[in-house]
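So the chains spell out like this:
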Number of protein chains: 2
Amino acid sequence: MSNEAHSPRRRRGSEQPTLKEVAEAAGVSAITASRALNHPDQVNERTRARVLEAVERLGYVPNLVAGSLASARSRFIAVIVPSLANTVFIEVIQGLQETFEAQGYQILLGNTDYDTEREYQLVRTFLGWSCSALVTAGLRHSQACRTLLANWDKPIMEVMELGEALDLNVGLDHTEAGRCMARHLLERGHRRVLFVGARLASDYRAGMRYAGHREVLEQAGLAAPLIELDHGGLDAGAAGLARALENHGDVSAIHFANDDLATGALLHAQRLGIRVPHELAIAGFNGLPIGQHITPRLTTIRSPRQHMGQLAASEVIRRLEGKRIQRLQHDVGFELLIGEST
Amino acid sequence: MSNEAHSPRRRRGSEQPTLKEVAEAAGVSAITASRALNHPDQVNERTRARVLEAVERLGYVPNLVAGSLASARSRFIAVIVPSLANTVFIEVIQGLQETFEAQGYQILLGNTDYDTEREYQLVRTFLGWSCSALVTAGLRHSQACRTLLANWDKPIMEVMELGEALDLNVGLDHTEAGRCMARHLLERGHRRVLFVGARLASDYRAGMRYAGHREVLEQAGLAAPLIELDHGGLDAGAAGLARALENHGDVSAIHFANDDLATGALLHAQRLGIRVPHELAIAGFNGLPIGQHITPRLTTIRSPRQHMGQLAASEVIRRLEGKRIQRLQHDVGFELLIGEST
DNA sequence: GTGAAAGCGCTAACAG
DNA sequence: CTGTTAGCGCTTTCAC
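About the criteria used
Residues numbered from 1 in each chain as written. Chains lettered and ligands numbered in written order. Predicted model: local features only at pLDDT ≥ 70, side-chain atom pairs only at ≥ 80, totals over all residues. Heavy atoms only, no water. Axes fitted to C-alpha atoms, helices over the stretch in contact; angles between N-to-C directions. Helix = DSSP H or I, 4+ residues; strand = E, 2+ residues; numbered from the N terminus. Parallel < 35°, antiparallel > 145°, perpendicular 65-115°, else oblique. Left-handed = near helix turned anticlockwise from the far one by under 90°. Contact = heavy atoms within 4.5 Å. Nonpolar A, V, L, I, M, F, W, Y, C, P; charged D, E, K, R; others polar. Least-squares fit on C-alpha atoms with pLDDT ≥ 70 in both. Core = buried A, V, L, I, M, F, W, Y, C linked by side-chain atoms within 4.5 Å. Buried < 20%, exposed > 50% of the residue type's maximum accessible area, 1.4 Å probe, protein only. Pairing = 2+ DSSP bridges. Buried area = accessible area lost by both parts, 1.4 Å probe. Salt bridge = Lys/Arg side-chain N within 4 Å of Asp/Glu carboxyl O. Polar contact = N/O pair within 3.5 Å; in protein donor to acceptor, adjacent residues only side chain to side chain. UniProt positions renumbered as here; feature names shortened; annotations may be inferred. Right-handed = clockwise from strand over helix to strand, strands pointing away. pLDDT = per-residue confidence, 0-100.

Colleague: Explain the packing of helix α5 (residues 87-102) of chain A against helix α12 (residues 305-320) of chain A here, please?
Modeller: Helix-helix packing: each pair is described by the crossing angle between the helix axes and the interaxial distance. Residues and elements named next belong to chain A. Interhelical geometry of α5 versus α12 gives an angle of 40° and a closest axis separation of 7 Å. In terms of orientation, α5 and α12 fall into the oblique class. Handedness of the crossing formed by α5 with α12: right-handed. Contacts between α5 and α12 involve Val 88, Glu 91, Val 92, Gln 94, Gly 95, Leu 96, Glu 98, Thr 99 and Phe 100 on the former and, on the latter, Arg 305, Gln 306, Met 308, Gly 309, Gln 310, Ala 312, Ala 313, Ser 314, Val 316 and Ile 317. Within the contact of α5 with α12, the residues separate by chemical class into nine nonpolar, seven polar and three charged.

Shown next, in the form of structure tokens:
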């Protein structure tokens, strides 16, 4: 039986059984075996048991590639972030992952390194995998990428920030966050406030926070000087503090673009014997745990990053399941955490 | 032309052009178009230009699913880690990602939540995607998982720890790392040394470090008391310190299972006015940046995590390219970083 | 509830 | 260097 003279192609290296073989072993047709596995309710219970037994006995592992080709859909979700080195994206990914995995979706992770051309390439690749949806960090894309996505009929979710989105959008208002912290510093009586960030062209959301910060200061008739560092991290924060003291010795507060910089600066200030906040106030953004463990505790803004991922995933899943989406856009907000560093 | 009376199936939702259509537009056969894209050197330069032009004009995006089915290989690399909440795994993933992506491989990320049954399910799924290789964190797997992998003929790379591996192995010796830190503490004159870890059954590599620690202490005729916390993080470190002071008030040093715990404890000690290391020495493991920014700097052990990922990926790629692998196992080692906390 | 036939879009194998 | 043919393993469609 089934003994062809020539078998022109048998690539499946090892003797991986196919669905057809499982079906034969169970005495049913391939399609019934398929249904037994994927739509159990469409198959007689006893038939299903026979199929499952055969699956077990033969050690069958479904070929998902073939399934995807035939059905023109994979259960892949493309997730594109600019960096894995930044906790912020990791936490969003965590939220996405737990929610999607629980529904049987598999994440396909891409890293653009803050390069929109790279993003475009990743999107192309991911479309080629018949992804069920795309989640990407941010609203800025190359024109080619926009064109490609405009012709794509699956859910597109842009996370992190809020604005004019391609489709779905879950995020927070970074400009407003910048304003919020600037207002806090003004309330604390600071009049000479410096903003220190890193690579604001790439980390343009930090740039938006600076814009908000600047707006508030200028409305109060104050200058909004900026120091832009060429990389981030704790070391950079310490270096930023040093530069600030050198070039802006008269500032009474520094608004850092994120908690890594702010924490690095705060710990460096301790080493230098600068008393925070009396001699210098320090503020950050993100609400990382470390900021709440150092003394003085860091004044910062906490964003619900994991929740952002969960919400984004839930909304995408709703759409995939054909449920009505009430709003295309969700503002997850933020929270000013006032520590003793300001 | 090519106008069939009935088109039984056209799933590709939008009008995504196929390779065949590109080929027609370029006046070549499908296989030539395929070669022009995937094996440019096998095709006449002018033919290739025509194909590329047609690709551009039609906005063709290759269907990778179909390609994988036909060739029985995807360029997927399955990567399985127990958690995304732990920096350690993220850094390894980063190393893997940059190296694999540079060679055109796509990572398929799975998270087991420290559950070997979940790992088994992930492995099954990933095998179904015709992954080119599997990278997994750790050497411990369920029996079902081992059986499944034993019949798989693609490269398997186990990272993080060293030991009897399924195939390739890149990691470090955690028991030795535990010994190393214990010896350091003994050298510093400590005789009452406590080990504090979290969920050692899940984080069994921390358990191995404790085993090494204990071995050294017992050889010196000392006890090796242990406090096991039910979760990790900075908060837990602070709580661990509190528990230590309460139940082991006479200890002169605490060896924490990782830097998160150690940092949380160290910062908490500062708040309590406990002078480190004079009244209490504190040591960690991982060599996270934060430990080198706090005062006193944390004594810890640094492991080359990103390098571990890069090396693991390189070795897998060598194998995939058919090159000879010189050694199946690589010890990436570790480095004792002596701060002022001990 | 089950099956037969057709084909998803691409590439391997050969032939020229 | 290019083309023809025959599938990869599965699911859709439609019939029973």
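Colleague: Got a minute to help me understand the relation of the copies chain B and chain A in this structure?
Modeller: Copy one and copy two of the chain differ by a rotation about a common axis and a shift along it. Its rotation angle being 180°, the transformation that places chain B on chain A also includes 0.1 Å of axial translation and leaves an RMSD of 0.2 Å. Between the two chains, the operation in question is that of a two-fold axis. Both copies contact each other with a shared surface, as 100% of the interface residues of chain B are interface residues in chain A too.

Colleague: I keep staring at the nonpolar core and nothing clicks. Help me out?
Modeller: Taken as a class, soluble globular proteins show a tendency for nonpolar side chains to be buried jointly. Counting residues in each nonpolar core, the largest one holds 156 residues, and the members touching the most others are Phe100(A) and Phe100(B). Not counting residues within four places of it along the chain, the set of residues in contact with Phe100(B) comprises Ile77(B), Tyr105(B), Ile107(B), Val135(B), Ala313(B), Val316(B) and Ile317(B). Residues Val61(A), Ile80(A), Leu148(A) and Cys145(B) belong to the second largest nonpolar core, which totals 38 residues.

Colleague: Which parts of the structure should I look at to understand the packing of helix α8 (residues 174-187) of chain B against helix α9 (residues 204-219) of chain B?
Modeller: Residues and elements named next belong to chain B. Where α8 meets α9, the axes come as close as 7 Å, and the angle between the chain directions of the two elements is 45°. Here α8 lies oblique to α9, going by the angle between them. For the element pair α8 and α9, the recorded crossing hand is right-handed. Taking contact as the criterion, the partners of His 174, Thr 175, Ala 177, Gly 178, Arg 179, Ala 182, Arg 183 and Leu 186 in α8 are, on α9, Arg 205, Met 208, Arg 209, Gly 212, His 213, Glu 215, Val 216 and Leu 217.

Colleague: What exactly am I supposed to notice about the sheet that holds strand β9 (residues 281-283) of chain A here?
Modeller: By way of backbone hydrogen bonds, the strands of a sheet pair with one another, either parallel or antiparallel. Residues and elements named next belong to chain A. The strand order β7-β6-β8-β9 describes an open sheet built from four strands, whose pairing is parallel. Sheet topology places β7 (226-229) and β9 at the edges, where each strand pairs with a single neighbour. Direction aside, neighbouring strands of the sheet carry axes that sit 20° apart on average. Sheet topology note: the strand β6 (residues 193-198)/β7 ladder contains four bridges and is parallel. The residue bridging Phe 195 from the neighbouring strand is Leu 226, located in β7. Contacts from helix α10 (residues 234-247) reach β6, β7 and β8 (253-256) within the one sheet, and its direction differs from that of β7 by about 145°.

Colleague: It is not clear to me how the interface of chain B and chain A should be interpreted in this structure. Could you clarify?
Modeller: The parts lose accessible area when they come together, and the size of an interface is often stated as this lost area. The interface is formed by 52 residues belonging to chain B together with 52 residues belonging to chain A. Sorting the residues of chain B by area buried against chain A places Val65(B), Trp129(B) and His293(B) first, and these three jointly supply 16% of that buried surface. Measuring nitrogen to oxygen at the nearest pair gives 2.5 Å for the salt bridge that ties Glu101(A) to Arg118(B). Summed over the shared surface of chain B and chain A, the result is 14 residue pairs in polar contact (both at pLDDT 80 or more). The element contributing the most residues to the side of chain B that touches chain A is helix α6 (residues 116-128) of chain B, with seven residues. Tallied by class, the residues present in the side of chain B that touches chain A amount to 27 nonpolar, 17 polar and eight charged.

Colleague: How do you make sense of the UniProt feature "domain: HTH lacI-type" (unreviewed entry) in chain A when you look at a structure like this?
Modeller: On the UniProt side, "domain: HTH lacI-type" (unreviewed entry) is annotated at positions that read residues 17-71 of chain A here. Helix makes up 71% of residues 17-71 of chain A and strand 0%, and the two end C-alpha atoms of the span are 21 Å apart.

Colleague: Mind showing me how you'd approach the pairing of strand β2 (residues 106-111) of chain B here?
Modeller: Moving residue by residue along a regular strand, the side chains alternate between the two faces of the sheet. Residues and elements named next belong to chain B. In terms of burial, β2 is largely enclosed, as six of its six residues are buried. On β2, burial covers both faces: Gln 106, Leu 108 and Gly 110 on one face and Ile 107, Leu 109 and Asn 111 on the other are all buried. Examined bridge by bridge, strand β1 (residues 76-81) and β2 share six bridges and lie parallel to one another. Looking at β2, one finds that Ala 78 is bridged to Leu 108. Chirality of the crossover, the property in question, places the unit of β1, helix α5 (residues 87-102) and β2 among those that are right-handed.

Colleague: What is the right way to look at the confidence of the model for chain A in this model?
Modeller: Reading fine detail from the predicted coordinates is not recommended where pLDDT is low. Averaged over all residues, the pLDDT of chain A equals 93, while 96% of them reach at least 70. Low pLDDT, under 50, characterises residues 1-14 of chain A; the predicted model gives this stretch eleven contacts beyond four residues in sequence or across chains.

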